Amino acid sequence: MYIQTALASLALLPFALCAPSQPPSPQPYYAYPPTQAITTLTQGGYKFALTIDSKQWSNLSQVMTKDIYYDSSALGAGYGGVSVGIDQVTAALEASAPEGIYWEHLVTNLYLEKLNTPTNASSITYITVSRWDPSALHDITKTYRIYYRCDDQWLLQDGSWKLDHSIVRNTGPRVEAPYFGSSS
Ligand SMILES: *[C@@H]1O[C@H](CO)[C@@H](O)[C@H](O)[C@H]1NC(C)=O
Ligand SMILES: *[C@@H]1O[C@H](CO)[C@@H](O)[C@H](O)[C@H]1NC(C)=O
């Protein structure tokens, strides 16, 4: 792509020389504008959340790569861990949200740090996860909220951005149990 970019700039050169009053030709940086990547990455993040929140485990290959590395161990034992490869990640997600458990990943700020190549992007995403166990609403190990931030790398595969590498950190001091107060 860098070679193609260089060729594209060269192709514009004679035109620029013949018509010096024209606006300057686009800089190589704009050759694959990040605007489109921002939109499609944001959709990738939202689809990731929708897929896991609706427990569509068989759809995970649409939102993560086969070789995904996922490290949420910073969230603490019982809340996060390291999973390598889509099978381990799938097993960890299924174990976190079995039948009867509700959860929601609210994906907010998605900052495209760098388009490393046209098919590899680094981003920072803020996520709020809420998990509810209706039979244990006052047990912080089962019903909780966590604010966290992900340092991610995404790869563009089959026309969609898929999560390939993710390092999670808690942005608050610790897991919260805010939902139902302290009564009963
Ligand atoms: C899961 O994939 C199927 C087949 O592509 C699709 O119909 C369905 O909407 C997907 N579910 C989600 C939550 O994306
Ligand atoms: C994506 O780009 C990052 C930053 O250059 C690099 O560390 C990582 O290995 C790349 N991922 C793949 C799968 O090539």
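Here the structure is shown first, and the text comes after it.
Residues numbered from 1 in each chain as written. Chains lettered and ligands numbered in written order. Predicted model: local features only at pLDDT ≥ 70, side-chain atom pairs only at ≥ 80, totals over all residues. Heavy atoms only, no water.

Caption draft 1: Representation of the packing of aromatic side chains within the structure. Tallying each qualifying case throughout the model produces 1 aromatic pair. With a centroid separation of 4.8 Å and 85 degrees between ring planes, the pair formed by Tyr79 and Tyr144 is classed as edge-to-face. On the criterion of sequence distance, the pair formed by Tyr79 in the loop between strand 1 (64-71) and strand 2 (82-84) and Tyr144 in strand 5 (residues 144-157) is long-range, its members being 65 residues apart. (Phe/Tyr/Trp six-rings, centres within 6.5 Å; stacked < 30°, edge-to-face > 60°. Helix = DSSP H or I, 4+ residues; strand = E, 2+ residues; numbered from the N terminus.)

Caption draft 2: Structural context of the sheet that holds strand 5. On the basis of which strands lie adjacent, the open sheet formed by 6 strands has the order 2-1-6-5-4-3 and mixed pairing. Both outer strands of the open sheet, strand 2 and strand 3 (102-117), are each paired with one neighbouring strand and no more. Between one strand and the next, the sheet's axes are offset by a mean angle of 20 degrees, whatever the strand orientation. Note: strand 5 against strand 6 (residues 160-170), 10 bridges, orientation antiparallel. Residue pairing across strands places Leu156 opposite Trp161, the latter belonging to strand 6. In the packing of helix 3 (residues 86-96) onto the sheet, the strands contacted are strand 1, strand 2, strand 3 and strand 4 (120-132), and the crossing angle to strand 1 comes to about 60 degrees. (Pairing = 2+ DSSP bridges. Axes fitted to C-alpha atoms, helices over the stretch in contact; angles between N-to-C directions. Contact = heavy atoms within 4.5 Å.)

Caption draft 3: Expanded view of the pattern of salt bridges. Tallied over the full model, the rule gives 4 salt bridges. Of the charged contacts, one joins Asp67 and Lys66 as a salt bridge, the two residues approaching to 3.5 Å between their closest N and O atoms. Each member of the pair, Asp67 as well as Lys66, carries the same accessibility label: exposed. Residue Arg169 is joined to Asp151 by a salt bridge in which the shortest nitrogen-to-oxygen separation is 3.5 Å. Placement of Arg169 in strand 6 and of Asp151 in strand 5 is noted, with a sequence separation of 18 residues between them. (Salt bridge = Lys/Arg side-chain N within 4 Å of Asp/Glu carboxyl O. Buried < 20%, exposed > 50% of the residue type's maximum accessible area, 1.4 Å probe, protein only.)

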